[in-house]
Amino acid sequence: MSLSFKFGTVGSPTGTPKKTGGSVGGIEFSKSIGLDALELGWVQSVRVTEATCALIKAAGEAQAVSLSVHAPYYINLNAEADEWPKSRKRLMDAAHYGYLAGATDIIFHPGSYFGNDPAEVLKVAIPRLKGCVDELKKNGDHVTIRPETMGKSAMLGSIEDALAMSAAMVDMVQPCIDFAHMHARPGDGSMNTYAEWSKLLENYKKVLGAKSLKNLHIHLSGIEYGDKGEKKHLTLADADLDLKALFKALHDFGCAGRILCESPIMEEDALNMKKAWMKVSGEK
């Protein structure tokens, strides 16, 4: 029996040998240590050729490692009108080249409220995202675009924002749930109990359907936070995130998909998460 979740890192594992290096080396190294997912960290810019994408895709298929892409950080669905085309191009490039590289999911940071009301910001963000999705469909770039839940309350990216964007375009947009960010976002230590996570998953299911729980894309790490939210990622051991309670909720709701680790000791904590999941779920 295979596990309900595939586990991996955001960006190539730190132990990837320099010799093969790059994404192909990251894929091969991930597999060699017992991980079967990898999120390609294209966070500064998308600078890959079609030839490199073909090599990445072939490596992912050969190693049976599921690939996703973290798009550049500088994307803002709420950008000023003159800035939006640049943001849009970054997301479209990540989606197009990601698709060529065999990635099924494209993760991005949705942007900032700039102090405006979230409901008003979504009126700008959703049509812009829909325009991107329509063009990707037309081009045959079959990927799932995933707005990430963000760790600061000033950022566009509450779970409600991510669900609203997804509900508007359910077939090609789904959230990337960063549970560490969601724990940090309120700034008061909440969102860290079985009851809170169960309520969130119940709502997720209500908005996007039961099937969506079988295709979750999760970011996870320990996290340091203050009253304004996230400060930095921590190792699981150094943080107060209740991993056991979270995994129990995910298991009880029959969730499946991918869990990608962003801790400072990425692959070590990704393997710790895998062990913890096996313990909670009883899967082998």
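Keep in mind it's a predicted model, so treat the numbers as computed, not measured.

**Brief notes about the side chain of R128**
Right, on to step 1. Relative to the helices and strands, R128 resides in helix α4 (residues 118-139).
Right, on to step 2. Side-chain polar atoms of R128 contact the backbone oxygen of L77, separated by 3.0 Å.
Right, on to step 3. Of note is the side chain of R128, whose polar atom sits 2.8 Å from the backbone oxygen of A79.
Right, on to step 4. Non-local contacts of R128, meaning those with residues more than four positions away in its chain, are made with N76, L77, N78, A79, E80, A81 and W84.

**Points about helix α9 (residues 266-281)**
Right, on to step 1. Taking 1.5 Å of rise per residue, the 16 residues of α9 would be expected to cover 22 Å, and the 22 Å separating its terminal C-alpha atoms lies within 8% of that figure.
Right, on to step 2. Of the surrounding secondary structure, the elements contacted by the buried residues of α9 are β1 (5-10), α1 (22-32), β7 (216-220), α8 (243-252) and β10 (257-261).
Right, on to step 3. Within two residues after α9, G282 carries a phi angle of roughly 75 degrees, on the positive side.

**Some points on the nonpolar core**
Right, on to step 1. I106, L129 and I145 are the most contacted members of the largest nonpolar core, which totals 41 residues.
Right, on to step 2. Only β2 (37-41), α2 (50-63), β3 (66-70), α3 (84-100), β4 (103-108) and α4 provide two or more residues apiece to this core.
Right, on to step 3. When residues in this core are grouped by element, the largest group, eight residues, is from α4.
Right, on to step 4. Leave out the neighbours within four places in its chain, and L129 touches L77, L91, F108, I145, M165, M169 and V173.

**Comments concerning the pairing of β10**
Right, on to step 1. Counting buried residues in β10 gives five out of five residues, a clear majority hidden from the surface.
Right, on to step 2. Pairing analysis gives five bridges linking β1 to β10, with the strands arranged parallel. Of the residues in β10, the one forming a bridge with F7 is I259.
Right, on to step 3. As defined by bridge partners, β7 adjoins β10 across five bridges and the pair is classed as parallel. Along β10, the bridge assignment pairs H219 with L260.

Rules used in this analysis
Residues numbered from 1 in each chain as written. Predicted model: local features only at pLDDT ≥ 70, side-chain atom pairs only at ≥ 80, totals over all residues. Heavy atoms only, no water. Helix = DSSP H or I, 4+ residues; strand = E, 2+ residues; numbered from the N terminus. Polar contact = N/O pair within 3.5 Å; in protein donor to acceptor, adjacent residues only side chain to side chain. Contact = heavy atoms within 4.5 Å. Expected span 1.5 Å × (residues − 1). Core = buried A, V, L, I, M, F, W, Y, C linked by side-chain atoms within 4.5 Å. Buried < 20%, exposed > 50% of the residue type's maximum accessible area, 1.4 Å probe, protein only. Pairing = 2+ DSSP bridges.

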